[in-house]
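# Chains, contacts and geometry: an overview
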Amino acid sequence: MADLSDDATWRTIRAEFPILDQTLRTGKKLVYLDTAATAQKPNRVVDCIRQCYERDNSNVHRGIHELGDRMTTLLEDAREQVRELLGAREVEEIVFTSGTTMSLNLVAHGWGRKFLRAGDVVLLNEMEHHANLVPWYEAAKATGAEIRHIPLTTDGRLDMDQLDTVLDRQVKLVAVTAMSNVLGTINPVAELARRAHDVGALIAVDGAQSVPHGMTDVTRDQIDFLAFSGHKFYGPTGVGVLYGRRELLEAMDPFLFGGHMIREVTRDSATWADLPAKFEAGTGPFIQAAGLGAAIAYIKQIGMEPIMAYEHELARYAGERLAEVPELTILGPAWPDRGAIFSFVVEGVHPHDLSDLLDRQGVAIRAGHHCTMPLHDRLGLAASARASLAFYNNREEVDSLVEAILAARRVFRR
Ligand code: PLP
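About the criteria used
Residues numbered from 1 in each chain as written. Predicted model: local features only at pLDDT ≥ 70, side-chain atom pairs only at ≥ 80, totals over all residues. Heavy atoms only, no water. Disulfide = S-S within 2.5 Å. Buried < 20%, exposed > 50% of the residue type's maximum accessible area, 1.4 Å probe, protein only. Domains from an automatic or database assignment. Contact = heavy atoms within 4.5 Å. Buried area = accessible area lost by both parts, 1.4 Å probe. Salt bridge = Lys/Arg side-chain N within 4 Å of Asp/Glu carboxyl O. Core = buried A, V, L, I, M, F, W, Y, C linked by side-chain atoms within 4.5 Å. Helix = DSSP H or I, 4+ residues; strand = E, 2+ residues; numbered from the N terminus. Lys, Arg positive; Asp, Glu negative; His and termini not counted. Polar contact = N/O pair within 3.5 Å; in protein donor to acceptor, adjacent residues only side chain to side chain.

### Concerning the state of the cysteines
For the structure shown, the criterion picks out zero disulfides. Here Cys52 stays free of any disulfide, with the sulfur of Cys48 as its closest cysteine sulfur at 4.2 Å. Here Cys52 falls in the buried class, since its relative accessible area comes to 2%.

### A closer look at the domain arrangement of the chain
By domain assignment, the chain separates into domain 1 (7-32 + 303-411) and domain 2 (47-300). When each unit is reduced to the centre of its C-alpha atoms, the spacing between domain 1 and domain 2 is 28 Å. Taken together, the 32 residues of domain 1 in the interface contact 32 residues of domain 2. Across the domain 1/domain 2 interface, buried area totals approximately 2,500 Å², and carbon plus sulfur atoms make up 60% of it. At the boundary of domain 1 and domain 2, one finds two salt bridges.

### Some details on the nonpolar core
Side chains that are nonpolar tend, in soluble globular proteins, to be buried together. Leu86, Phe233, Tyr234, Phe391 and Ile405 are the most contacted members of the largest nonpolar core, which totals 103 residues. The leading source of residues in this core is helix H9 (residues 286-302), at 11 residues. Residues lining this core come from more than one domain, with at least three contributed by each of domain 1 (7-32 + 303-411) and domain 2 (47-300). Those residues within four positions of Leu86 in sequence are excluded, and the remaining contacts are Ile94, Val211, Thr216, Asp217, Val218, Thr219, Leu226, Phe228, Val241 and Tyr243. In this structure, Val95, Val122, Leu173 and Leu202 belong to the second largest nonpolar core, which totals 24 residues.

### Topic: the side chain of Glu128
Mapped onto the elements, Glu128 comes out in the loop between strand E3 (121-125) and helix H5 (134-143). Here Glu128 occupies a buried position and makes no salt bridge, while the nearest side chain of opposite charge, Arg378, is found at 12 Å. Here Asn125 takes part through its side chain, which lies 2.7 Å from a polar atom of the side chain of Glu128. One polar contact links Glu128 to Asn132, side chain to side chain, over a distance of 2.9 Å. Not counting residues within four places of it along the chain, the set of residues in contact with Glu128 comprises Leu133, Ala175, Val176, Thr177, Asp206, Cys371 and Thr372.

Put into structure tokens, the structure is as follows:
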């Protein structure tokens, strides 16, 4: 366990991310505040991938030779790392996909299209990322099920006082993000799981933003499905995870068909392999999965708890500093019910212009609807600016963000 509040320790950790130590074409030092879009990768992950390609690369579960064995071991070790990270009971409940989007599509196809019926309800809410909305719209269209929404409060939380008005026995699944990628809201997934189960519904959790910040345990929180992306967890792109309870995964239909996912194929039919292979058709992202395993091992070595404590404190500081900027409105709930994601608008400055001006100061943020059009519609905004933090950021970088926003305001007030 590392003490990230100790400056020397923090600097040692920061040095593991060489990409962060660079001067941009503007001559400014990079301040990377776009982790919610994709996290940077520590040397450990890059080394793992390089070593895989230099030493171990071979297709998995097939080659009866040493390289094939080694790569298969790396892949299956990574699966065990994910199981432990999520607190899942069995390694067979961990399916490697290409990312959160594919994991949620897999549930919407494999479970939704098989088990939803006309008159059933899928319960969503307006703060979801498109990846946890559109697959359900399509599943509902295909089955005749309906979409309902949990109302939001004006400060951007799920209105739990109104949950009973929308959560009844018609609801077959609640699909919810554990942490909003725009509002930073941390949703009460354990309570939602309990309330969903009380009416016989399942819960599918989008963990894209929460899992990298240590908030989810599928057994403790009684979660049925959970999705996250490797690239937001300091791992490579191209790999993601679907956790599903064994009975559910066994009852579901595969989403993709082809090699590896079969038990037996005849001239005109096929049967499916056991979990998790049933959902891993074709050659999967095995090197990326090994890289994700390295990322999890790295985070474990620092300790998720110190990371959470450091990010919590940094987010508090960022919230305070941003609140000092005149005419800046932070979207979402007040401290402490939020993670280290700050979407905001500055009166009179378009978010795209703001991010452009910040880029000239070396500060990398994101502007747009962040794949949450229904949320932005509700807020009456076409776009917002978003700064997102990780344990490799520090207060100085938050100060740079605030100074850059103040400078941008001056440009627009001339
Ligand atoms: N869900 C949330 C909350 C996200 O923030 C994102 C990505 O930004 C996704 C889903 C989609 O993740 P991916 O593009 O890695 O599939």
